[in-house]
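# Close look at the chain arrangement
If you want the building blocks of each chain, they are given just below.
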Amino acid sequence: MSKDGARPKLLYLVTEDWYFCSHRLPIARAARDAGFEVLVATRVDRHADAIRSEGFQLFPLKLRRRGMHPWRELAALIEIVKLYRRVRPEIVHHVAMKPVIYGSIAARFSGVSTVVNALAGLGYVFASSSLRARLLRPFVRLALRGLISGRGRHAVVQNPDDRHLMQGIGIPERQLSIIRGSGVDVTAFRPGPEPEGKIVVTMVSRMLWDKGVGELVEAARRLECSGKDIRVQLVGPPDHENPAAIPEWTLREWEQEGIVQWLGQRDDIAELWTASHIAVLPSYREGLPKSLLEAAACGRPMVATDVAGC
């Protein structure tokens with residue numbers, strides 16, 4: 001409690017409401033139960049009621065992950081600064097690259113004394129080999145070095161590779177911690193017997209090129225040509241806010257070709273792992289992938305690329 005008896009305010013800045021619910025909801029509940037007033041600032045799509053039902057204050061933002069228009073980005077930053085100045089949180093918890101950069105700027109302009117910057121993987125800028133990503137990378141490195149170091153700042157990464165990269169940028173080791181992933185609900189994700197019938201290989205991920213979806217489809221095509229009777233299914237949305245998004249028409253074409261099944265967004269992930277034999281994630285880079293943690297909790301063998309996070 002603060003001196004006036006009010007609960008201290010903890011504000012989460014996240015780009016998408018679905019990501020807050022899937023990756024941060026349990027720790028926000030724990031903070032609430034520990035006596036914090038929890039505030040959530042995010043772009044609102046379909047999860048406003050779920051967030052408010054937890055007793056959290058919700059602040060819809062115009063911030064978009066894919067935005068690059070200078071005036072719109074400036075407007076988004078000003079919106080966050082105004083929010084921080086209005087609600088005066090004792091702690092802000094920024095999740096993912098854009099909230100870390102914009103939120104850290106806003107915290108400096110607003111006098112927020114304690115900032116947690118959680119980088120759940122280093123995202124498109126560090127994973128992609130595209131010209132756009134390579135051009136952005138040095139500016140992002142410079143921004144991270146200038147913004148997430150300093151008194152009252154602490155960065156959280158999910159694997160030793162990302163910690164080493166942060167140290168190379170210039171973030172002191174004392175301001176870095178590793179927390180390996182977002183955790184698994186082991187009451188929902190439990191080991192079970194393998195299903196009968198045809199081998200089912202499942203990939204749970206957003207449908208992005210840098211998740212290795214194209215490589216998995218090519219592998220499925222080769223397996224089919226060699227006469228292997230294996231079903232490969234893709235589970236997850238295209239994520240149009242990400243520059244590496246795979247167009248929906250491409251996913252539909254793969255389905256029509258009979259190479260893979262695209263199941264789209266699903267909420268019954270535990271049941272999907274129960275009905276699968278193998279989990280796969282041929283990603284280019286990760287923090288610590290929740291889909292593989294959940295597959296492991298269900299006792300499924302996993303095939304993944306030998307990259308950071310996997």
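Description of the structure in this document.

### Quick notes on the overall build of the chain
- Of regular secondary structure, the chain possesses 11 helices and 12 strands.
- Compactness check: the chain gives a C-alpha radius of gyration of 20 Å against a globular reference of 19 Å for 310 residues, within 12% of the reference.
- Across its three principal axes, the chain shows a C-alpha extent of roughly 70 × 45 × 35 Å.
- In the chain, buried positions account for 48% of the 310 residues.
- Taking as baseline every contact in the chain between residues at least 6 positions apart, the subset at least 24 positions apart corresponds to 67%.
- Total accessible area computed for the chain in this model is approximately 15,400 Å², and 55% of it derives from carbon and sulfur atoms.
- When the 43 positive and 34 negative side-chain charges of the chain are each reduced to one mean point, those points stand 9 Å apart.

### A few points about the nonpolar core
- Counting residues in hydrophobic clusters, the biggest one holds 36 residues, and the most contacted among them are Leu11, Ile80, Leu83, Tyr84, Leu144, Ile148 and Met166.
- When contributions to this core are tallied by element, the ones reaching two or more residues are β1 (9–16), β2 (37–43), α3 (70–87), α4 (97–110), α6 (131–147), β6 (153–157) and α7 (160–169).
- Filtering out sequence-adjacent residues up to four positions away, Ile148 remains in contact with Val100, Ser104, Asn117, Arg153, Ala155, Met166 and Ile171.
- In this structure, Leu251, Trp273, Ala279 and Leu292 belong to the second largest nonpolar core, which totals 29 residues.

### So, helix α11 (residues 290–297)
- By the burial criterion, the buried members of α11 are Ser291, Leu292, Glu294, Ala295 and Ala297.
- Immediately downstream of α11, the backbone of Gly299 shows phi near 75 degrees, a positive value.

### Observations concerning the sheet that holds strand β9 (residues 230–235)
- Read from one edge to the other, the open sheet built from five strands follows the order β10-β9-β8-β11-β12, with strand pairing classed as parallel. Each edge of the open sheet carries a strand with a single partner, namely β10 (261–264) and β12 (302–304). Here the average twist between neighbouring strands, direction ignored, is 25 degrees.
- Of the strand pairs in this sheet, strand β8 (residues 199–204) and β9 are connected by six bridges, and their pairing is parallel. Residue Val204 lies in a different strand from β9, and its bridge partner there is Val235.
- Along the sheet face, helix α8 (residues 213–225) touches β8, β9 and β11 (278–281) and points at about 165 degrees away from the line of β9.
- Lying on the sheet, helix α9 (residues 248–257) is in contact with β9 and β10; it crosses β10 at an angle near 135 degrees.

### Regarding the packing of aromatic side chains
- Counted under the stated rule, the structure contains four aromatic pairs.
- Aromatic pair Trp18 and Tyr19: ring centres 5.8 Å apart, planes at 75 degrees, arrangement edge-to-face.
- A relative accessible area of 27% places Trp18 in the partly exposed class.
- Using a relative accessible area of 16% as the deciding quantity, one classes Tyr19 as buried.
- Ring plane angle 90 degrees and centroid distance 5.9 Å describe the contact between Trp209 and Trp254, whose orientation is recorded as edge-to-face. One end of the pair, Trp209, is in the loop between β8 and α8; the other, Trp254, is in helix α9, and 45 residues separate them in sequence.
- Among the residues examined, Trp254 registers a relative accessible area of 10% and is labelled buried.
- Members of the aromatic cluster, connected to one another through ring pairs, are Tyr12, Phe20 and Phe56.

### Section: a nonpolar patch on the surface
- On the surface, a nonpolar cluster with roughly 340 Å² of combined accessible area is contributed by Trp71, Leu74 and Ile78.
- Within the secondary structure, Ile78 sits in helix α3.
- For Ile78, a relative accessible area of 39% gives the class partly exposed.

About the thresholds
Residues numbered from 1 in each chain as written. Predicted model: local features only at pLDDT ≥ 70, side-chain atom pairs only at ≥ 80, totals over all residues. Heavy atoms only, no water. Helix = DSSP H or I, 4+ residues; strand = E, 2+ residues; numbered from the N terminus. Rg over C-alpha atoms; globule rule 2.2 N^0.38 Å. Buried < 20%, exposed > 50% of the residue type's maximum accessible area, 1.4 Å probe, protein only. Contact = heavy atoms within 4.5 Å. Areas by Shrake-Rupley, 256 points an atom, 1.4 Å probe, with all protein chains shown as cover. Lys, Arg positive; Asp, Glu negative; His and termini not counted. Charge placed at Lys NZ, Arg CZ, Asp CG, Glu CD. Core = buried A, V, L, I, M, F, W, Y, C linked by side-chain atoms within 4.5 Å. Pairing = 2+ DSSP bridges. Axes fitted to C-alpha atoms, helices over the stretch in contact; angles between N-to-C directions. Phe/Tyr/Trp six-rings, centres within 6.5 Å; stacked < 30°, edge-to-face > 60°. Patch = residues over 30% accessible without salt bridge, like charges linked within 9 Å, V, L, I, M, F, W, Y side chains within 5 Å. Salt bridge = Lys/Arg side-chain N within 4 Å of Asp/Glu carboxyl O.

Distances and angles like these do not, on their own, reveal function.
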